[in-house]
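# Results of the structural survey
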Amino acid sequence: MWLTIDKNINTSLIRQVYEQIRAMILEGKLSAGDKLPSTRWLSENLKISRNVILEAYAQLTAEGYIESRRGSGTIVAEDLYFKRCERNLEKSPHNSVYTRVENDLIDFRSGIPALDMFPQKEWGNLFNKVCSHMPYSYFRYCQPGGIMELRQALSEYLFRTRGICCRAEQIMIVSGSTQGLSLISKLLYRPNVEVVVEDPIHYGLLNVISSYGYLINPIPVDSKGIRTNIIETKNDVGFVYVTPSHQFPLGSILPIQRRIKLIRFAEKKNCYIVEDDYDSEFRYEGHPISSFYELDPNRVIYVGSFSKILAPALRLGYMILPDLLIDKYLKLKMYTDVHTESISQLVLAQFINDGKLEKHIWKMKKKYYNKRQALINNLRINFFDEYVIKGHAAGLHLVAEFQNILFTEEILKKITQQKVKVYPVEKYAIHKGRHRNKIILGYGHLSIDEITEGIRRIKKVIQNTII
Ligand SMILES: Cc1ncc(COP(=O)(O)O)c(C=O)c1O
């Protein structure tokens, strides 16, 4: 048995001796009953301290690889041949869409807020302050529903800003609304049950729902949102998923008549309605839209998110649950991830209670309004009257419908070659073919210069393409 020792590498001498002997045993080069050299002999031959060998042997003994037998020294233990599979430890290239920003690429991806406007310093200082001053008990496992300070702050905030009346105990803090929807899908799942969804719909969220095995019943959306008059099904329904304040992606507001129809449908099917209120804080005309939740708090599950008003990386969202679901939900959240990270919850509670959230939203609303106007102006300058903007003035994206352009793979490829990314509504459609002339243009994260340049490049592609 021979070992090689390298004093110039970062691995400790004990670890080097331990690993080499362990590898020889696992690979079968040393078999059960084989005698190991004495610690004195090894230390003299390797020219390292005997303590190093003693420590390595002690570790191998503790883990069961070797045994000391009176009279026969140290021997290899029984039943240790074990061929390990090769491990690939080569670093993979960083190719995450979020970490790699391609030079000069103008990406009209929807739903990304202006990350450069995140109150980084304020949040950092507050985080520091909260973390240094919070009682030790907060470092324990906390309640699955979330930190009460945040739930209380949110119930007051929702009442102030949306007129939503609910108790803090009904508000469940989740790691983003995606997790909220996932937990609700799991909670309400029964075999052969369907979920009624809008078509088009955010495909990521559709995947969340369908991953539980639900049948999907897609209902087309028109200029007023989901067409409630054509919802039909003989199946049991788990829930209806809607974005009533700002349909994603088409941007309509669901009128009260359709909301009432949907409630009647949910009553008949004895199911819930999930209201995804992902970006209604940013509304640029008129007053805030009333929530669906207010109409029937026992039937509507309200889902809110801080991804658009602050930053997606925070992974903070919330749900308002009907009382009947609370106990079951708390168990489910407990057995999923115990609770959402709590220090950030306390920071957010403080941020809301200090009035900073509303101030931030107010400031961002003005920024986004200006970006939206810049986008509309640039569309007008480049495309005159060849397009219409769909939906209401809200959120961080708009949908442009073109009269004579179909966003085929070919045209999208040409646009990408010009270093612009646009997202066809068709990609979000369940029934294909109805939205081929519409694109989603997210503007929240782009500067006015990027918006201007991006639309110019799209125009360049389109004018050179014969349709
Ligand atoms: C319609 C809609 N709902 C929900 C979400 C997800 O939000 P969160 O980051 O809170 O999971 C998004 C994200 O873009 C969205 O577009």
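Residues numbered from 1 in each chain as written. Predicted model: local features only at pLDDT ≥ 70, side-chain atom pairs only at ≥ 80, totals over all residues. Heavy atoms only, no water.

- Per an unreviewed UniProt entry, the recorded name for the chain is GntR family transcriptional regulator, and the organism is Clostridium kluyveri.

## Comments concerning the packing of aromatic side chains
- Applying the stated rule across the entire model yields 15 aromatic pairs.
- When the ring of Phe-118 is compared with that of Trp-123, the centres are 5.9 Å apart and the planes differ by 55°; the resulting orientation is tilted. This pair shows no difference in class: Phe-118 is buried, exactly as Trp-123 is.
- Both rings, one in Tyr-284 and one in Tyr-369, keep their centres 6.2 Å apart while their planes meet at 55°; by these two values the pair is tilted. Residue Tyr-284 is located in the loop between strand E9 (272-277) and strand E10 (300-305), and its partner Tyr-369 is located in helix H11 (residues 356-383); the two are separated by 85 residues in the primary sequence.
- The exposure class assigned to Tyr-284 is buried, which follows from its relative accessible area of 14%.
- When its relative accessible area of 36% is taken as the criterion, Tyr-369 is described as partly exposed. (Phe/Tyr/Trp six-rings, centres within 6.5 Å; stacked < 30°, edge-to-face > 60°. Buried < 20%, exposed > 50% of the residue type's maximum accessible area, 1.4 Å probe, protein only. Helix = DSSP H or I, 4+ residues; strand = E, 2+ residues; numbered from the N terminus.)

## Here's the deal with the UniProt feature "domain: HTH gntR-type" (unreviewed entry) in the chain
- According to UniProt, the positions carrying the feature "domain: HTH gntR-type" (unreviewed entry) are residues 11-79.
- The span residues 11-79 is 51% helical and 12% strand by assignment, and the distance between its end C-alpha atoms comes to 28 Å. (UniProt positions renumbered as here; feature names shortened; annotations may be inferred.)

## Overview of the nonpolar core
- Among the nonpolar cores identified, the biggest contains 85 residues, and Phe-108, Phe-306, Leu-379, Leu-441 and Ile-458 are the most heavily contacted of them.
- Looking at this core, the element that brings in the most residues is H11, giving eight residues.
- Viewed by domain, this core spans two of them, domain 2 (106-115 + 359-463) and domain 3 (136-355), each represented by three or more residues.
- In terms of nonpolar packing, the next biggest core, distinct from the first, is built from 28 residues, Val-193, Val-195, Val-274 and Leu-321 among them. (Core = buried A, V, L, I, M, F, W, Y, C linked by side-chain atoms within 4.5 Å. Domains from an automatic or database assignment.)

## Remarks on the site of the ligand
- The environment of the ligand is formed by Gly-176, Ser-177, Thr-178, His-202, Leu-205, Phe-248, Asp-276, Tyr-278, Ser-305, Ser-307, Lys-308 and Arg-315.
- Measuring from a nitrogen atom of the ligand, one finds a side-chain N or O atom of Asp-276 at 2.5 Å.
- Summarising the interface, the protein chains cover 90% of the accessible area of the ligand, which totals 400 Å² for the free molecule.
- For the shell around the ligand, a count of residues per class yields three nonpolar, six polar and three charged. (Near = heavy atom within 4 Å. Polar contact = N/O pair within 3.5 Å; in protein donor to acceptor, adjacent residues only side chain to side chain. Areas by Shrake-Rupley, 256 points an atom, 1.4 Å probe, with all protein chains shown as cover. Nonpolar A, V, L, I, M, F, W, Y, C, P; charged D, E, K, R; others polar.)

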